[in-house]
Amino acid sequence: MLEKDIVNVIMRYLRTLPKCFCWKEHGGMYGTAGIPDVISCVDGRFIAFEVKSEKGKPTVLQEATIKKILSAGGQAYIVRSVDEVRSILESSVQ
């Protein structure tokens, strides 16, 4: 499955959750390099998801951004499926 398809499935899932605000961060010249693909606030918690295909790897800048989010008290994950997102939310957001 392509990364953009995984993002679309994740976004559809997140939009079904109560108390969830989310958006797809678009790259390019108007975006901020290294920002995770999906940004969300779920029940008051900042959670970012860097989406990768089965064999995709995060860049050094993406890994550094995730560390900054974690240092600031947010949550950030590298995910490869909507099932991973669902599992993360079920275990971390009460």
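Residues numbered from 1 in each chain as written. Predicted model: local features only at pLDDT ≥ 70, side-chain atom pairs only at ≥ 80, totals over all residues. Heavy atoms only, no water.

Re the pairing of strand S2 (residues 38–42)
If a strand is regular, its side chains alternate between the two faces of the sheet.
So, point 1. Most of S2 is tucked away, with four of its five residues classed as buried.
So, point 2. Direction of pairing for strand S1 (residues 20–24) relative to S2: antiparallel, over a ladder of five bridges. Note that in S2 the partner of Trp23 across the bridge is Ile39.
So, point 3. Two strands pair when backbone bridges link them, and S2 and strand S3 (residues 45–51) are joined in this way by five bridges, in the antiparallel orientation. What sits directly across from Val38, in S3, is Phe49.
So, point 4. Between S2 and S3, which pair antiparallel in sequence order, lie two residues; one of them, Asp43, sits at a positive phi of approximately 50°. (Buried < 20%, exposed > 50% of the residue type's maximum accessible area, 1.4 Å probe, protein only. Helix = DSSP H or I, 4+ residues; strand = E, 2+ residues; numbered from the N terminus. Pairing = 2+ DSSP bridges.)

As for the pattern of salt bridges
So, point 1. Within this structure, the stated rule accounts for four salt bridges.
So, point 2. A salt bridge links Asp37 to Lys24; the nearest nitrogen and oxygen atoms lie 3.8 Å apart. Placement of the pair is Asp37 in the loop between S1 and S2 and Lys24 in strand S1, with a sequence separation of 13 residues.
So, point 3. What makes Lys24 partly exposed here is its relative accessible area of 27%.
So, point 4. Close ionic contact of Asp83 with Arg86 constitutes a salt bridge, the shortest N to O distance being 2.8 Å. Taken together, the positions of Asp83 and Arg86, both in helix H3 (residues 82–92) and three residues apart, correspond to about one turn of that helix. (Salt bridge = Lys/Arg side-chain N within 4 Å of Asp/Glu carboxyl O.)

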